[in-house]
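# Survey of secondary and tertiary structure
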Number of protein chains: 2
Amino acid sequence: MSKILVFGHQNPDTDAIGAAISFAYLQKELGKNTEAVALGTPSEETQYALDYFNVDAPRIVSSALNETKEVMLVDHNEFQQSISDIKELTILSVVDHHRIANFETGDPLYYRAEPVGCTSTIIYKMFKENNITIPLNIAGMMVSAIISDTLLFKSPTCTEDDVEAANALADIAEINLTGYGLDLLKAGTNLSDKTAETLLDLDAKSFPLGDKNVRIAQVNTVDLNEVLNRQDELEAAMLAENKANSYDLFVLIITNILDSDSELLVIGDSIDKVEKAFGVKLTNNRAYLEGVVSRKKQVVPQLTEAFS
Amino acid sequence: MSKILVFGHQNPDTDAIGAAISFAYLQKELGKNTEAVALGTPSEETQYALDYFNVDAPRIVSSALNETKEVMLVDHNEFQQSISDIKELTILSVVDHHRIANFETGDPLYYRAEPVGCTSTIIYKMFKENNITIPLNIAGMMVSAIISDTLLFKSPTCTEDDVEAANALADIAEINLTGYGLDLLKAGTNLSDKTAETLLDLDAKSFPLGDKNVRIAQVNTVDLNEVLNRQDELEAAMLAENKANSYDLFVLIITNILDSDSELLVIGDSIDKVEKAFGVKLTNNRAYLEGVVSRKKQVVPQLTEAFS
């Protein structure tokens, strides 16, 4: 039986890693020869969860063809966010909670997407549908993913299904949801010792919008000023990234996870479209976005509309 | 609550109509304001099922924006097979069993695809998962769709899930699966009174393959010669269709549903790629394809590969 690699998106967040681990486990229980891998190093937040639940970080890969032709994607579908040789691979299944775009297969496949806050919430349902018991450490990674993606249920992407799954998983994982949740989120906001380049790459995805290539990065913090004090350094790094990677536009969302709002920092073309998307005027390349915490629900659709 | 239109692909077959009717019913039971509609007239096969189970044919529409912005797709996802204004609509959900291509949304959605023989098999699972009782006439349309898509379980696309769903639905619908099944399939093979243009349009879909626009049509028969005797007339109509619709290539698959094989008739560019796809030499624009009955599994992937 040929091996099947299971992975989340590039620049993996806790859901990309947690969903890969839990979906690979589920599929193994269902008789498939799966291995969870990752397209990048776990963030400090994810590493906190891995350490807490004593789970090994998945092996990091950048291509698959040298070892297998068969893959399963979690927490993403857009090819530019996936493994480098995705177009030459057979995608057996996808479990995701994002919009669908830049995705194509030659054959029918298993695809399960739901408009919920976290991929791990969907995987939780699949464990239940298949009557597979979730081990404590897998449940721990899954509940960590839900806490991370929903910012402990504060994100507008959070649904009743996410809350229900998180509560059930917290019981299995034997954690206090609020206590563990805040510790997990804070573990991801240790920004001071990171270079501007690292900050921009912590949670960044590329999107073709209209005829523009747009990079949208997000950093979480408990103190906006800690990041904004480094504006000059960040702008220089964004300019350099645009040039090196042919991005037309770099959008950085700096999110205060305690207050649930964000500051926008933008470098590149089509600034007018960004202003239109959010109904703001940029001053000093910046704008305050009240109540905005979700790239998926409060940033990407608005930019897609403005660029279309 | 705004209305949601539910529909299958253009040139609807029994699954496109049956899945729209059953999924609209399921979603209505779940509290949504759905209406099943169709993007074309039911085939004679489908009309046989509608008459047998005393179900009204869905209203035919060609666009949606004039009445609603929200839609749910069944049995297809590729935009060129969908409603004319699909790009301006909000797709709330998709239930399908085809490859995914030429499909894109701005927002997360519910997407459920499985590599099974029929969309109605997936919808049967969703009824069960949601504990919704399936009425006799809805079950009748669903089992008709499975019979149609799997050619009464003979197609290589047919899975254990399809057989299981069909048996359960046949019980609810109070039919003998084999007896009703053969009657249903034969109702769709009454070709003699149809023009060549009508034959080509009975079950036809467009696919962008490489940089070519390829039309792939299929007709079912119980006697290949009944169709092949009309080769000249069919070729003239295929040429005219290519010209009128800018198809680079027209591929017609004439399938004997009793013997489970097909004859291929091809008009247009890139004939060499068709020969490569199926490992045959065309003679007089034709080739015999032993054991080929499924466009989805035995034609589209092979052509996709040859054109890529």
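For chain A, an unreviewed UniProt entry supplies the name Probable manganese-dependent inorganic pyrophosphatase and the organism Enterococcus rivorum. According to the UniProt record, the Sequence similarities (unreviewed entry) comment for chain A is "Belongs to the PPase class C family." Regarding chain A, the UniProt comment filed under Catalytic activity (unreviewed entry) reads as follows: "diphosphate + H2O = 2 phosphate + H(+)".

In this section: the pattern of salt bridges. This model, assessed by the stated rule, comprises 34 salt bridges over all chains. A salt bridge links K281 of chain A to E275 of chain A, with the shortest nitrogen-to-oxygen separation between them at 3.3 Å. Residue K281 of chain A is classed as exposed on the basis of its relative accessible area, which comes to 65%. Across the pair R99 of chain B and E78 of chain B runs a salt bridge whose closest N-O atoms are separated by 2.8 Å. With R99 of chain B in the loop between β5 (90-96) and β6 (110-113) and E78 of chain B in the loop between β4 (70-74) and β5, the pair connects residues that are 21 residues apart, well separated along the chain. The pair R99 of chain B / E78 of chain B is uniform in exposure class, with both members buried. Connected through salt bridges with shared partners, the residues R112, E114, K125, E129 and D161 of chain A form a single ionic network.

Residue and element names in this part refer to chain B. Read across the sheet, five strands follow the order β7-β8-β9-β10-β11 without closing on themselves; strand pairing throughout is mixed. Edge strands, defined here as strands with exactly one partner in the open sheet, are β7 (204-209) and β11 (286-289). In this sheet, neighbouring strand axes are inclined to one another by 25° on average, regardless of whether the strands run parallel or antiparallel. As judged from the six bridges shared by β7 and strand β8 (residues 212-221), these two strands associate in the antiparallel manner. Bridging from a neighbouring strand, K205 pairs with I216 of β8. Each of β8, β9 (249-256), β10 (261-268) and β11 touches helix α9 (residues 231-245); the most contacted strand, β10, lies at about 50° to it.

Taken together, the contact pairs 22 residues of chain B with 22 residues of chain A. Roughly 2,000 Å² is buried in total at the junction of chain B and chain A, and carbon and sulfur atoms are behind 59% of that figure. Summed over the shared surface of chain B and chain A, the number is zero salt bridges. Taken together, chain B and chain A are joined by four residue pairs in polar contact (both at pLDDT 80 or more). In terms of residue count, β6 of chain B provides more of the side of chain B that touches chain A than any other element does, four residues in total. Pairing of strand β6 (residues 110-113) of chain A with β6 of chain B, which is carried by three bridges, proceeds in the antiparallel orientation. Residue R112 of chain A lies in a different strand from β6 of chain B, and its bridge partner there is R112 of chain B.

Reading guide: rules and limits
Residues numbered from 1 in each chain as written. Chains lettered and ligands numbered in written order. Predicted model: local features only at pLDDT ≥ 70, side-chain atom pairs only at ≥ 80, totals over all residues. Heavy atoms only, no water. UniProt positions renumbered as here; feature names shortened; annotations may be inferred. Salt bridge = Lys/Arg side-chain N within 4 Å of Asp/Glu carboxyl O. Buried < 20%, exposed > 50% of the residue type's maximum accessible area, 1.4 Å probe, protein only. Helix = DSSP H or I, 4+ residues; strand = E, 2+ residues; numbered from the N terminus. Pairing = 2+ DSSP bridges. Axes fitted to C-alpha atoms, helices over the stretch in contact; angles between N-to-C directions. Contact = heavy atoms within 4.5 Å. Buried area = accessible area lost by both parts, 1.4 Å probe. Polar contact = N/O pair within 3.5 Å; in protein donor to acceptor, adjacent residues only side chain to side chain.

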